[in-house]
Amino acid sequence: MNAEKIITLEQTASAIGRPGSQRATLKGLGLNRIGRQSRVADTPANRGMIAKVAHLVRVVDGR
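**Student:** Just to check I follow, could you spell out the side chain of Asn46 for this structure?
**Tutor:** Within the fold, Asn46 resides in helix H2 (residues 44-52). Overall, the relative accessible area of 15% leaves Asn46 in the buried class. Each residue touching Asn46, except ones within four places of it in the same chain, is listed here: Leu29, Val40 and Ala41.

Below is the structure:
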(Lines give C-alpha, C1' and ligand atoms only; values in the text may rest on other atoms or scores of the structure.)
Protein backbone atom coordinates (compact mmCIF):
# COMPACT_ATOMS: atom_id res chain seq x y z
CA MET A 1 0.00 0.00 0.00
CA ASN A 2 1.20 3.49 -0.82
CA ALA A 3 1.11 5.51 2.40
CA GLU A 4 1.37 8.89 0.68
CA LYS A 5 1.42 11.85 3.02
CA ILE A 6 -1.33 14.44 2.62
CA ILE A 7 -1.28 18.15 3.51
CA THR A 8 -4.53 19.99 4.19
CA LEU A 9 -4.44 23.68 3.28
CA GLU A 10 -6.84 26.54 3.92
CA GLN A 11 -6.86 29.82 2.04
CA THR A 12 -6.71 32.70 4.53
CA ALA A 13 -6.35 35.73 2.26
CA SER A 14 -7.72 36.95 -1.05
CA ALA A 15 -5.92 36.64 -4.37
CA ILE A 16 -7.28 40.02 -5.48
CA GLY A 17 -4.41 42.32 -6.41
CA ARG A 18 -1.84 39.53 -6.34
CA PRO A 19 0.43 38.69 -9.28
CA GLY A 20 -0.97 36.28 -11.83
CA SER A 21 1.58 33.63 -10.92
CA GLN A 22 0.33 33.59 -7.32
CA ARG A 23 -3.29 33.30 -8.49
CA ALA A 24 -2.32 30.39 -10.73
CA THR A 25 -0.47 28.74 -7.86
CA LEU A 26 -3.58 28.94 -5.67
CA LYS A 27 -5.63 27.34 -8.45
CA GLY A 28 -3.00 24.64 -8.81
CA LEU A 29 -3.36 23.89 -5.11
CA GLY A 30 -7.14 23.67 -5.50
CA LEU A 31 -7.92 26.93 -3.70
CA ASN A 32 -9.96 29.86 -5.02
CA ARG A 33 -11.85 31.39 -2.11
CA ILE A 34 -11.08 32.46 1.47
CA GLY A 35 -11.91 29.65 3.88
CA ARG A 36 -11.80 26.95 1.21
CA GLN A 37 -9.77 23.87 2.14
CA SER A 38 -7.84 21.54 -0.12
CA ARG A 39 -5.87 18.33 0.35
CA VAL A 40 -2.67 17.86 -1.65
CA ALA A 41 0.08 15.26 -1.68
CA ASP A 42 3.22 16.08 0.31
CA THR A 43 5.66 16.35 -2.59
CA PRO A 44 8.58 18.73 -3.18
CA ALA A 45 6.62 20.39 -6.00
CA ASN A 46 3.60 21.07 -3.78
CA ARG A 47 5.88 22.26 -0.94
CA GLY A 48 7.36 24.81 -3.34
CA MET A 49 3.90 25.97 -4.36
CA ILE A 50 2.89 26.35 -0.71
CA ALA A 51 6.05 28.36 0.00
CA LYS A 52 5.25 30.68 -2.92
CA VAL A 53 1.82 31.58 -1.47
CA ALA A 54 2.59 31.05 2.23
CA HIS A 55 1.20 34.51 3.01
CA LEU A 56 -2.19 33.49 1.55
CA VAL A 57 -2.63 29.99 2.99
CA ARG A 58 -2.17 28.06 6.21
CA VAL A 59 -1.42 24.39 6.73
CA VAL A 60 -4.33 22.91 8.69
CA ASP A 61 -3.01 19.37 8.90
CA GLY A 62 0.15 17.75 7.61
CA ARG A 63 -0.19 14.05 8.38
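**Student:** Is there a simple way to think about the nonpolar core in this case?
**Tutor:** Soluble globular proteins tend to pack their nonpolar side chains together in the buried interior. Core analysis: the biggest nonpolar cluster contains 12 residues, these being Ile7, Leu9, Ala13, Ala15, Leu26, Leu29, Leu31, Val40, Ile50, Val53, Leu56 and Val57. Residues within four places of Leu26 in sequence aside, it is in contact with Gln11, Ala15, Leu31, Val53, Leu56 and Val57.

**Student:** Got a minute to help me understand the sheet that holds strand E2 (residues 37-41) in this structure?
**Tutor:** Each strand in a sheet pairs with another by means of backbone hydrogen bonds, the pair being arranged parallel or else antiparallel. Pairing is antiparallel in the open sheet, where three strands are placed in the order E2-E1-E3. Edge positions in the sheet fall to E2 and strand E3 (57-61), since each has one partner strand and no second. When the angles between neighbouring strand axes are averaged without regard to direction, this sheet yields 35°. Relative to E2, strand E1 (residues 6-11) is paired through five bridges, and the arrangement is antiparallel. Within E2, the residue paired with Leu9 across the bridge is Ser38. Strands in contact with H2 are E1, E2 and E3; relative to E1, the strand with the most contacts, it is inclined by about 20°.

Calculation rules
Residue indices begin from 1 for each chain and proceed along its sequence in written order. Under the rules for a predicted model, residues below a pLDDT of 70 receive no local features and side-chain atom pairs below 80 are neither given nor counted, while totals for whole chains, interfaces and linings still include all residues. In computing side-chain values, all of the structure's heavy atoms are included and hydrogens and water are not. The way it works is that DSSP assigns letters per residue, a run of H or I at least four long becomes a helix, a run of E at least two long becomes a strand, and they are numbered from the N terminus. Here's how the labels work: a residue is buried when its accessible area is under 20% of the maximum for its type, exposed when over 50%, partly exposed in between, all with a 1.4 Å probe on protein chains only. Whether two residues are in contact is decided by their heavy atoms, any of which lying within 4.5 Å being enough. Residues grouped as a nonpolar core are buried Ala, Val, Leu, Ile, Met, Phe, Trp, Tyr and Cys residues, joined through side-chain atoms within 4.5 Å. The criterion for strand pairing is that DSSP finds at least two bridges linking the strands in question. Angles run from 0 to 180 degrees between N-to-C directions of axes, and those axes are lines fitted to C-alpha atoms, restricted for helices to the stretch in contact.

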